[in-house]
Amino acid sequence: MTKALTTSVCIIGSGPAGLLLSQMLSNAGIDTIVIDRQNRAHIESRIRAGVLEQGTVKAMEDAGVADRLHREGLVHDGFDLAFDGIRHRINLRALTGKTVTVYGQTEVTKDLFAKRIAEGGRFFFDVADVVPADLTTDRPQVHFMHDGEPVTVFCDYVAGCDGFHGVSRNAIPADILKTYERIYPFGWLGVLTERPPVSDELIYANHDRGFALCSMRSETRSRYYVQCGIDDDVADWPDDRFWEELRMRIGPETAAHLQTGPSFEKSIAPLRSFVAEPMRYGNLFLAGDAAHIVPPTGAKGLNLAVADIRILSRALIERYQRNDTRYINTYSQTVLSRVWKVERFSWQMSNLMHQFPDNTPFEKKMQRAEFEYVTQSEAASRAIAENYVGLPLDP
Ligand code: APR
Ligand code: PHB
């Protein structure tokens, strides 16, 4: 016997995108059901990036979940780009009047979960065999298995917030869905260590040996990355090798301040640029990693997901509160316009800051010429800064 449920919006995926959408719609009096193939503990255990644009902070404020973010987040006025140990500060506040906040995505997810659960949000965890159906009718459905029982959710709209490996994107017919992809010929090996950060702000470093990033989670917990081989395994990287490589890539002046310690998290992530079009099919809306992936060099993954949700929640709220479907009808083109600009920035930063195995000496010279141009041109620095703090939601 299939359990039949109804809601206004069925959200597939309870990562940052799905959770934020559920909260923003709930605040507007719109009912949702959120389903996920994992459980809350698993989702909250994921280690992800940690730089929030001001727009993301505002979205958390609007959702009513920014208290801890304001208490524990670290507001940064700038960051450094470095080439062979020579550092150039991108002064975000002077160049754009804006800042970014360092606050782990894990914490964003925990804060969103805490509020949704406290307010009685309807969740189904550990679901299986999720099938969105009847998406082009005015009564779409989402079928899935939960605790061995078949469930069907009848709704007005389905939000595909189920990430890159989800099912929503492929619910769009193959003759309509178009995808664009670039896979980078390297990965990022990341570690967490309970040591103070090497610098007060982030350092993105390009060195002949490869890229490195010095980041943080707090004033006592650091997050570091080094570019690694696309087929590397964590086992290839004992802590000693990691710290030695990081020291070489950030240069002796910076390395003199590096406090190394045992890593308590170590993982390798591939780098990919990916976009799926359209981001709407009938009454299915894609948002976040379900529709796009950016290389982490621009710190945009979470911020782009949040921007999608700000645009999608506005569209749905306008429809339910004022019966105005204007934003729903323009959702895909509005959100994709911004997605492609953020993909461009993330691709540009990745090309500038990494050692590409197939780069010719000329291309290496182009990287350094661009770095030198950025250090000497306020216009070039401002271009990087305005993308890093976050482009406007509506052009
Ligand atoms: N059915 C139900 N849930 C699913 C399915 C499925 N078939 N497939 C995936 N999911 C769930 C995952 O378990 C995950 O909790 O969808 C959620 C997707 O969450 P994210 O991958 O975090 O994607 P999103 O919410 O868009 O957030 C994007 O997360 O991956 C990072 O770098 C990315 O920072 C960015 C952010
Ligand atoms: C991180 O702190 O994990 C981080 C910061 C900036 C990035 C990527 C990752 O661009």
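Up top you'll find the structure we're talking about.
From a predicted model like this one, the values you see are computed outputs, not experimental measurements. (Residues numbered from 1 in each chain as written. Chains lettered and ligands numbered in written order. Predicted model: local features only at pLDDT ≥ 70, side-chain atom pairs only at ≥ 80, totals over all residues. Heavy atoms only, no water.)

Draft legend 1. Representation of the overall build of the chain. In terms of regular secondary structure, the chain is built from 13 helices and 21 strands. Rg of the C-alpha trace for the chain: 21 Å, near the compact-globule value of 21 Å for 395 residues, within the 12% margin. In terms of overall dimensions, the chain has a C-alpha envelope of 65 × 40 × 40 Å along the principal axes. Split into buried and exposed, the 395 residues of the chain put 56% on the buried side. As presented, the chain carries roughly 16,500 Å² of accessible surface, and 50% of it is formed by carbon and sulfur atoms. Distance from the positive charge centre (44 side chains) to the negative charge centre (52 side chains) of the chain: 3 Å. (Helix = DSSP H or I, 4+ residues; strand = E, 2+ residues; numbered from the N terminus. Rg over C-alpha atoms; globule rule 2.2 N^0.38 Å. Buried < 20%, exposed > 50% of the residue type's maximum accessible area, 1.4 Å probe, protein only. Areas by Shrake-Rupley, 256 points an atom, 1.4 Å probe, with all protein chains shown as cover. Lys, Arg positive; Asp, Glu negative; His and termini not counted. Charge placed at Lys NZ, Arg CZ, Asp CG, Glu CD.)

Draft legend 2. Focus on the packing of aromatic side chains. All told, the structure shown has 20 aromatic pairs when counted by the stated rule. Judged by centre distance (5.4 Å) and plane angle (70°), the rings of Phe 79 and Tyr 204 are edge-to-face. Taken together, the residues Phe 79 in strand E6 (residues 78-83) and Tyr 204 in strand E15 (residues 203-207) connect sequence positions 125 residues apart. By relative accessible area, Tyr 204 is classed as buried at 1%. In this structure, Arg 241 is placed above the aromatic ring of Trp 237, and the distance from its NZ or CZ to the ring centre is 3.6 Å. Here the basic side chain of Arg 319 rests over the ring of Tyr 320, its NZ or CZ set 4.4 Å away from the ring centre. (Phe/Tyr/Trp six-rings, centres within 6.5 Å; stacked < 30°, edge-to-face > 60°. Lys NZ or Arg CZ within 6 Å of the ring centre and 35° of its normal.)

Draft legend 3. Here's a closer look at the side chain of Thr 193. For Thr 193, the location among the structural elements is in strand E14 (residues 178-193). In terms of polar contacts, Thr 193 uses its side chain to reach the backbone carbonyl oxygen of Pro 262, at 3.0 Å. (Polar contact = N/O pair within 3.5 Å; in protein donor to acceptor, adjacent residues only side chain to side chain.)

Draft legend 4. Region of interest: the sheet that holds strand E5 (residues 74-76). Pairing is antiparallel across the open sheet formed by 3 strands, whose spatial order is E4-E8-E5. Because the sheet does not close on itself, it has two edges, and the strands there are strand E4 (51-52) and E5. Bridge count between E4 and strand E8 (residues 100-102): 2 bridges; the pairing is antiparallel. The residue bridging Val 51 from the neighbouring strand is Val 102, located in E8. (Pairing = 2+ DSSP bridges.)

Draft legend 5. Quick look at the packing of helix H1 (residues 16-27) against helix H3 (residues 54-63). Following both chains from N to C, one finds H1 and H3 inclined at 45°, their axes separated by 9 Å at the closest point. Judged by the inter-axis angle, H1 sits oblique to H3. The handedness of the crossing between H1 and H3 is left-handed. Contacts between H1 and H3 pair Leu 20, Gln 23, Met 24 and Asn 27 from the former with Ala 59, Asp 62 and Ala 63 from the latter. Its residues assigned to classes, the contact of H1 with H3 shows 4 nonpolar, 2 polar and 1 charged. (Axes fitted to C-alpha atoms, helices over the stretch in contact; angles between N-to-C directions. Parallel < 35°, antiparallel > 145°, perpendicular 65-115°, else oblique. Left-handed = near helix turned anticlockwise from the far one by under 90°. Contact = heavy atoms within 4.5 Å. Nonpolar A, V, L, I, M, F, W, Y, C, P; charged D, E, K, R; others polar.)

Draft legend 6. Region of interest: the site of ligand 1. Around ligand 1 there are 23 residues in total, and Asp 36, Arg 46, Arg 48, Gln 105 and Asp 289 lie nearest to it. In the model, a nitrogen atom of ligand 1 is placed 3.2 Å from a nitrogen or oxygen of the Arg 37 main chain. Within the backbone of Asp 289, one N or O atom sits 2.9 Å away from an oxygen atom of ligand 1. Protein coverage of the free-state accessible area of ligand 1, which is 710 Å², stands at 90%. Of all the elements in the fold, those that place two or more residues in the shell around ligand 1 are H1 and helix H9 (301-322). Ranked by residue count, the leading element in the shell around ligand 1 is H9, at 3 residues. (Near = heavy atom within 4 Å.)

Draft legend 7. The arrangement of the environment of Met 145 in detail. For Met 145, the position within the fold is in strand E11 (residues 141-146). When its relative accessible area of 27% is taken as the criterion, Met 145 is described as partly exposed. Remark: the alpha-carbon pair of Met 145 and Arg 37, spanning 108 residues in sequence, is separated by 9.7 Å. In this view, Met 145 contacts Asp 126, Val 127, Ala 128, Asp 129 and Pro 150; residues no more than four positions away in its chain are not counted.

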